[in-house]
Amino acid sequence: MIRFILSDLRRLWAGSLVVVLLVALATALGVCVVLQERALRLGSARAADKFDLVIGAGGSETQLVLSSVFLQASPLPLMPGEVLGKLAADPRVDWAAPIGFGDSFSGYPIIGTTTMLTQNLSGGLAEGKIFAREGEAVIGAAVKLPLGGEIKPMHGSLEEGGETHTELVYHIAGRFQPTGTAWDRAILVPIQAVWHIHGMEAEEHAEDDEHEHEAASGTDSAEHGHEHEKAGADHDGHGHHGKADPDAALDETWTAGAPGLPAILVKPKTIADAYKLRQDYRGGNTVAVFPGEVLTNLYATLGDAKQILVAVASGAQLLVAASLVLVTVIHIGQRRRQIGALRAFGAPRGAIFGIVWLEFFFLVAVGVALGFALGYAAALTLSGMFSQTSGVAMPVVFTREDAGLAAVLLAFATILAALPAVLAYRQSPAQALRA
């Protein structure tokens, strides 16, 4: 029987190939949707696991996490710098690292932070050392720049018409080990260097000098207020710059006079401390979030999108199944003489049923297996493209759930293959030979 089926498939190879490809493409669509959605969940969850608590100014919690954890460029409101000093002195905090962003170089985001975050981000450096001066930088594992190379920060990005800073040129001192997060594509520099080249501390000093000058000379306060507004406008328009010394030592002693910050990454000492800190900083002009909770809300939205895509894939599979039924019914009609000859030579009805059923089931099973392979390859390609642009590793893996999907498809193929087999089973030899 097996030899007869293989011979029949070789003779009808073109039609068999069409059946296999139809099943494979329909299966690949559903498999790709499932694997890609799972890869996105796993990759984003692993990236967020490195950060316990994020504190920022009041606003969108989702945008705060996307900007601070996944480094998605977006302007965030600034919270008072005194928050950093309070967190640094809080006994419930293991460490608190401010982050500042807005600059870039060659498409890589430049993140201002501290040596504490640099030491704890990836568990060590792959090469080089942690920055110790304002003019030094540490790069992520995916940043294609050599140690000792120069980094000229640009405010914004080249696509947005960004302006290159001339106040400071960073030199690469070290490289992180891979983390599988967006920080693999980041360039980390001292936060005080970011403040200096943007003139943020200079603004504070200038404001103090301005008040002293007013008290000494009695200058009209309205005139000075106008000048201060103009300076702020220049800073927003990327025209306000300060001065930076590349050889200056780092000072990571935080006081209430620190400049405003978009976000602070906090490592609480215990889980209980994490919940207390979140409660304390959820209100007023700050918001505190667990990245995992924010991702859960995003997953809910993603789950709705997945259901829609799965419904589309299931609809495509049903259309393919209907097409296969039509094709096989026509095919059985064209093989009536062959079936009649087999019956005339003494082949029992059960043998005819088995031949047709096995032949059709074999084609569908091959199509399902090929579909899983194509879906896996497509998910790998999409995940690779996303990881290259975002830096977040997207693991494409099969689980027991996928084995269940394969079992359902094969069970459906078992039922589907029975239709042409029943049609062949019911044909009488005399009717088939007269056709």
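Residues numbered from 1 in each chain as written. Predicted model: local features only at pLDDT ≥ 70, side-chain atom pairs only at ≥ 80, totals over all residues. Heavy atoms only, no water.

Q: So what's going on with the overall build of the protein chain? Residues and values would help.
A: Within the protein chain, the regular secondary structure consists of 14 helices and 12 strands. Residue burial in the protein chain is summarised as follows: out of 435 residues, 44% are buried. In the protein chain, once contacts between residues fewer than 6 apart in sequence are set aside, the share between residues at least 24 apart is 81%. Accessible area of the protein chain: about 21500 Å², with a carbon and sulfur share of 61%. (Helix = DSSP H or I, 4+ residues; strand = E, 2+ residues; numbered from the N terminus. Buried < 20%, exposed > 50% of the residue type's maximum accessible area, 1.4 Å probe, protein only. Contact = heavy atoms within 4.5 Å. Areas by Shrake-Rupley, 256 points an atom, 1.4 Å probe, with all protein chains shown as cover.)

Q: Hey, could you go over helix α4 (residues 82-89) for me, with residue numbers and the actual values?
A: Along α4, the residues classified as buried are V83, L84, G85 and L87. Looking at the buried residues of α4, the elements they touch are β1 (53-57), β2 (93-105), β11 (263-268), α9 (271-280) and β12 (286-289).

Q: Can you break down the packing of aromatic side chains residue by residue, with the values?
A: Aromatic rings in a pair are described by how distant their centres are and how their planes are angled relative to each other. Taken as a whole and judged by the stated rule, the model has five aromatic pairs. Where W195 meets W254, the ring centres are 6.0 Å apart and the plane angle is 80°; that geometry is what we call edge-to-face. Taken together, the residues W195 in helix α6 (residues 191-197) and W254 in the loop between α8 (221-236) and β11 connect sequence positions 59 residues apart. Residue W254 is classed as buried on the basis of its relative accessible area, which comes to 16%. A ring pair is formed by F372 and F398, whose centres lie 6.1 Å apart and whose planes are at 35°; its orientation type is tilted. Pair noted here: F372 is in helix α12 (residues 349-390) and F398 is in the loop between α12 and α13 (400-426), with a separation of 26 residues, a long-range link. On the accessibility criterion, F398 (40% relative accessible area) is partly exposed. (Phe/Tyr/Trp six-rings, centres within 6.5 Å; stacked < 30°, edge-to-face > 60°.)

Q: Tell me what's going on with the pairing of strand β10 (residues 187-190), and back it up with residues and numbers.
A: Of the pairings in the sheet, the one linking strand β3 (residues 108-113) to β10 comprises four bridges and is parallel in character. Counterpart to T113 in the pairing with β10 is P190. (Pairing = 2+ DSSP bridges.)

Q: A description of the environment of I110 should follow, citing residues and the corresponding values.
A: In this structure, I110 sits in strand β3. Given a relative accessible area of 2%, I110 falls into the buried group. Placed 45 residues apart in sequence, I110 and H155 show a C-alpha to C-alpha distance of 9.5 Å. Not counting chain neighbours up to four residues away, the residues in contact with I110 comprise G100, F101, G102, D103, S104, F105, I151, P153, I187 and V189.

Q: So what's going on with a nonpolar patch on the surface? Residues and values would help.
A: On the surface, L17, L21, L25, L370 and L374 cluster together into a nonpolar patch covering about 430 Å² of accessible area. Contributing elements (two or more residues each) for the nonpolar patch: α2 (13-48) and α12. Among the elements that take part in the nonpolar patch, α2 stands out by supplying three residues, more than any other. If you trace the backbone, L17 turns up in helix α2. Note on L17: relative accessible area 42%, which makes it partly exposed. (Patch = residues over 30% accessible without salt bridge, like charges linked within 9 Å, V, L, I, M, F, W, Y side chains within 5 Å. Salt bridge = Lys/Arg side-chain N within 4 Å of Asp/Glu carboxyl O.)

Q: Outline the nonpolar core, supporting the account with residue identities and numerical values.
A: Ranked by internal contacts, the top residues of the largest apolar core, which has 56 residues, are L117, W183 and L188. Of all the elements in the fold, those that place two or more residues in this core are α2, α3 (61-68), β2, β11, β12, α10 (291-334), α12 and α13. Ranked by the residues each element gives to this core, the list is headed by α2, at 10 residues. The residues touching L117, leaving out its near neighbours within four places in the chain, are F51, W95, A97, I99, W183 and L265. Residues A57, L84, A96 and Y281 belong to the second largest nonpolar core, which totals 22 residues. (Core = buried A, V, L, I, M, F, W, Y, C linked by side-chain atoms within 4.5 Å.)

Q: Lay out the side chain of T179 with the relevant residues and their values.
A: Examined against the element boundaries, T179 turns out to sit in the loop between β9 (170-176) and β10. Note on T179: relative accessible area 14%, which makes it buried. At a separation of 2.7 Å, a polar atom in the side chain of T179 contacts the side chain of T181. When neighbours within four sequence positions are excluded, T179 is seen to be in contact with K50, L121, S122 and D184. (Polar contact = N/O pair within 3.5 Å; in protein donor to acceptor, adjacent residues only side chain to side chain.)

Q: Give a description of the environment of E136 that names residues and reports values.
A: Here E136 lies in strand β5 (residues 136-139). It is 7.4 Å that separates the C-alpha atoms of E136 and P246, two residues lying 110 residues apart in sequence. Those residues in contact with E136 that lie beyond four places of it in its chain are K129, I130, F131, Y170, H171, A173, V189 and P190. At 2.7 Å, the side chain of E136 and the backbone nitrogen of A132 are in polar contact.

Q: Go over the pattern of salt bridges, please, and point to the residues and values.
A: For the structure shown, the criterion picks out 12 salt bridges. Of the charged contacts in the structure, one is a salt bridge between R133 and E136, with a shortest N-O distance of 3.4 Å. Take E136: its relative accessible area is 7%, and that puts it in the buried class. Linking E293 and R278 is a salt bridge whose minimum nitrogen-to-oxygen distance equals 2.6 Å. With E293 in helix α10 and R278 in helix α9, this pair connects stretches of sequence that are 15 residues apart.

Q: Describe unusual backbone geometry, listing the residues and the values that go with them.
A: Backbone geometry at L71 places phi at a positive 55°, although glycine is not the residue there. Locating L71 in the fold gives a position in the loop between α3 and α4. At S106, a residue that is not glycine, the phi angle is positive and equals roughly 55°. Examined against the element boundaries, S106 turns out to sit in the loop between β2 and β3.

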